[in-house]
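Read off the chains here:
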Amino acid sequence: MPRVRRSRTPKAPEGFDLVKEKLDEFEKKMREAENDPSDNKRRVESVWPIMRINHQRSRYVYDMFYRKREISRDLYEWLLEEKYADRNLIAKWKKQGYERLCCLRCIQAKDTNFGTTCICRVPKKDLEPGKIVECIACGCHGCSSV
């Protein structure tokens, strides 16, 4: 969630108008996901839409800076500082093998029973044919880079 704008927060750098509309759209989706009733869902499933929107918002900022090169470094750093995007997730995306990582919980070994990464990190070719994979942490169906 982005920080609340106060009178002391620094003004947005030049070019913020380019991404403001899309970021407001993500904010609107996030509020809907937070207020969505979690009836008839497992406890872990209620967080999945929030994780997915956070991933999409971070991927948007990442793509605008690294792939499309449409925003400046000052604006990119400001967006990370104001928590419009997840700095740690973007840092992982820059490393080889983590280009499609869905969330940071999938690579934390301490969150699993056997001290390994999540099942969604296993390449599809190494899984049994026809096996449906669903991450417990965020609900993704496979985020390995292979």
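On a predicted model such as this, the values are computed, not experimentally measured, just so you know.

K.L.:
Can you help me understand helix α2 (residues 48–67) in this one?
P.N.:
Along an α-helix, residues three or four positions apart point the same way, because every turn accommodates 3.6 residues. Taking 1.5 Å as the rise per residue, α2 with 20 residues should run 28 Å; its terminal C-alpha atoms sit 26 Å apart, in good agreement. Buried residues of α2: Trp48, Met51, Ile53, Arg57, Ser58, Arg59, Tyr60, Val61, Tyr62, Met64 and Phe65, and no others. Its buried side turned inward, α2 meets α1 (16–35), α3 (73–81) and α4 (87–93). Just downstream of α2, Arg69 is the residue with a positive phi angle, here 55 degrees.

K.L.:
Got a minute to help me understand the packing of aromatic side chains in this structure?
P.N.:
For the coordinates displayed, the defined rule picks out nine aromatic pairs. Ring centres of Phe16 and Trp78 lie 5.2 Å apart, and the angle between their planes is 75 degrees; on these two criteria the pair is classed as edge-to-face. With a gap of 62 residues between them, Phe16 in helix α1 and Trp78 in helix α3 connect regions that are remote in the sequence. For the residue pair Phe16 and Trp78, the accessibility class agrees, reading buried in each case. Connected via pairs of aromatic rings, a cluster forms that spans Tyr62, Phe65, Tyr66, Tyr76 and Trp93. Lying across the ring of Trp93, Arg59 places its NZ or CZ 3.9 Å from the centre. In this arrangement the basic side chain of Lys92 is found over the ring face of Tyr98, its NZ or CZ atom lying 5.3 Å from the centre.

K.L.:
It is not clear to me how the pattern of salt bridges should be interpreted in this structure. Could you clarify?
P.N.:
Opposite charge on two side chains makes pairing possible when the charged atoms of those side chains draw close. Within the structure shown, the criterion is met by eleven salt bridges. The salt bridge partner of Glu25 is Lys22, with a shortest N-O separation of 3.9 Å. With Glu25 and Lys22 both in helix α1 and three residues apart, the pair spans about one turn of that helix. Salt bridges sharing common partners tie together Arg73, Glu77, Glu81 and Arg87.

K.L.:
Sorry, what's going on with the packing of α1 against α2 here?
P.N.:
Two numbers describe a pair of packed helices, the interaxial angle and the distance between the axes. Contact geometry for α1 and α2: axes closest at 9 Å, N-to-C directions at 170 degrees. With respect to α2, the element α1 is oriented roughly antiparallel. The segment α1 lies against α2, with Leu18, Val19, Lys22, Leu23, Phe26, Glu27, Lys29, Met30, Ala33 and Glu34 engaging Pro49, Ile50, Ile53, Asn54, Gln56, Arg57, Tyr60, Val61 and Met64. Taken together, the residues that form the contact of α1 with α2 break down as twelve nonpolar, two polar and five charged.

K.L.:
In this structure, what is going on with the environment of Trp78? I would like to understand it.
P.N.:
On the accessibility criterion, Trp78 (7% relative accessible area) is buried. Residues Trp78 and Lys11, 67 residues apart in the sequence, show an inter-C-alpha distance of 9.2 Å.

K.L.:
Any chance you could explain α1 here in plain terms?
P.N.:
Taking 1.5 Å of rise per residue, the 20 residues of α1 would be expected to cover 28 Å, and the 27 Å separating its terminal C-alpha atoms lies within 8% of that figure. Taken as a whole, α1 has its buried residues at Phe16, Val19, Leu23, Phe26, Glu27, Met30 and Ala33. Those residues of α1 that are buried lie in contact with α2 and α3.

K.L.:
Sorry if this is basic, but what is going on with the nonpolar core here?
P.N.:
Ranked by internal contacts, the top residues of the largest apolar core, which has 38 residues, are Val19, Leu23, Leu79 and Cys120. Here this core takes seven residues from α2, the largest share from any one element.

About the thresholds
- Residues numbered from 1 in each chain as written.
- Predicted model: local features only at pLDDT ≥ 70, side-chain atom pairs only at ≥ 80, totals over all residues.
- Heavy atoms only, no water.
- Helix = DSSP H or I, 4+ residues; strand = E, 2+ residues; numbered from the N terminus.
- Expected span 1.5 Å × (residues − 1).
- Buried < 20%, exposed > 50% of the residue type's maximum accessible area, 1.4 Å probe, protein only.
- Contact = heavy atoms within 4.5 Å.
- Phe/Tyr/Trp six-rings, centres within 6.5 Å; stacked < 30°, edge-to-face > 60°.
- Lys NZ or Arg CZ within 6 Å of the ring centre and 35° of its normal.
- Salt bridge = Lys/Arg side-chain N within 4 Å of Asp/Glu carboxyl O.
- Axes fitted to C-alpha atoms, helices over the stretch in contact; angles between N-to-C directions.
- Parallel < 35°, antiparallel > 145°, perpendicular 65-115°, else oblique.
- Nonpolar A, V, L, I, M, F, W, Y, C, P; charged D, E, K, R; others polar.
- Core = buried A, V, L, I, M, F, W, Y, C linked by side-chain atoms within 4.5 Å.

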